[in-house]
Amino acid sequence: MTRRALVAVLGGSAALLLVVVGCVGAAILTVSDHPDETPECRESVRAEEAKVRTDRWDPPQELPGLGDYPEIHWQLRASGDACSRAPGPTDWAYQGVVRLRPEDARTLAQRYGFVPYAPAEPDQAPLTGPADAWPALAPFLPTAPRWLHSRTYDEATPSTRWRAAFLDIEHRTLFFTLHDH
């Protein structure tokens, strides 16, 4: 190879390398958080997470068998970085407290075989239970509950989200957690 051809090959390779490095740098800047947008986004996410919502759960089939409940309080939290500009969805976690009608609480317990909840049992250890309720939801929980739990309910279809639910029949209260998956 002549000296002129070698210089041309090396020059072309260097130019190609600069183009690749430039493209990678541009991609990193596009995906990374823009410094001017991050505080506004983060403040918006914090405000959404702080809200205690009282609108009915939609879609209702995610929480089957609740009947025409008179009251619900729920919140959401981002499981990841909701402000990231990286492609892909952000997973969300939800917690809520539902006040049920007496007949619906009894029917729910019977239909899904709710049994006394003992958080110390090894097969129930990974559950997020009422003791883990987010602070804004804690006031809606009964003061002296007798929680029941049903793996059948947690796994009932349709289950578009990971679900755990705890029922107190006496206080007609259902505490639930849902996670996107």
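Description of the structure in this document. Source: prediction; values computed, not measured.

## Topic: the pattern of salt bridges
Right, on to step 1. For the structure on display, the rule yields seven salt bridges.
Right, on to step 2. Here K51 makes a salt bridge to E48, at a shortest N to O gap of 2.8 Å.
Right, on to step 3. A relative accessible area of 40% means that K51 is categorised as partly exposed.
Right, on to step 4. According to the relative accessible area criterion, E48 is partly exposed, its value standing at 29%.
Right, on to step 5. The partner of R101 in a salt bridge is D104, and the shortest N-O contact between them spans 2.7 Å.
Right, on to step 6. Through salt bridges with shared partners, one network takes in E48, K51 and R53.

## So, the pairing of strand β5 (residues 161-168)
Right, on to step 1. The buried fraction of β5 amounts to seven of the eight residues, a majority that puts the element mostly inside the structure.
Right, on to step 2. Judged from the eight bridges that link them, β5 and strand β6 (residues 173-180) form a sheet pairing that is antiparallel. From the neighbouring strand, D168 faces β6, where its bridge partner is T173.
Right, on to step 3. Between β5 and β6, which pair antiparallel one after the other, the connecting turn spans four residues, and R172 there sits at a positive phi close to 50°.

Procedures and definitions
- Residues numbered from 1 in each chain as written.
- Predicted model: local features only at pLDDT ≥ 70, side-chain atom pairs only at ≥ 80, totals over all residues.
- Heavy atoms only, no water.
- Salt bridge = Lys/Arg side-chain N within 4 Å of Asp/Glu carboxyl O.
- Buried < 20%, exposed > 50% of the residue type's maximum accessible area, 1.4 Å probe, protein only.
- Helix = DSSP H or I, 4+ residues; strand = E, 2+ residues; numbered from the N terminus.
- Pairing = 2+ DSSP bridges.

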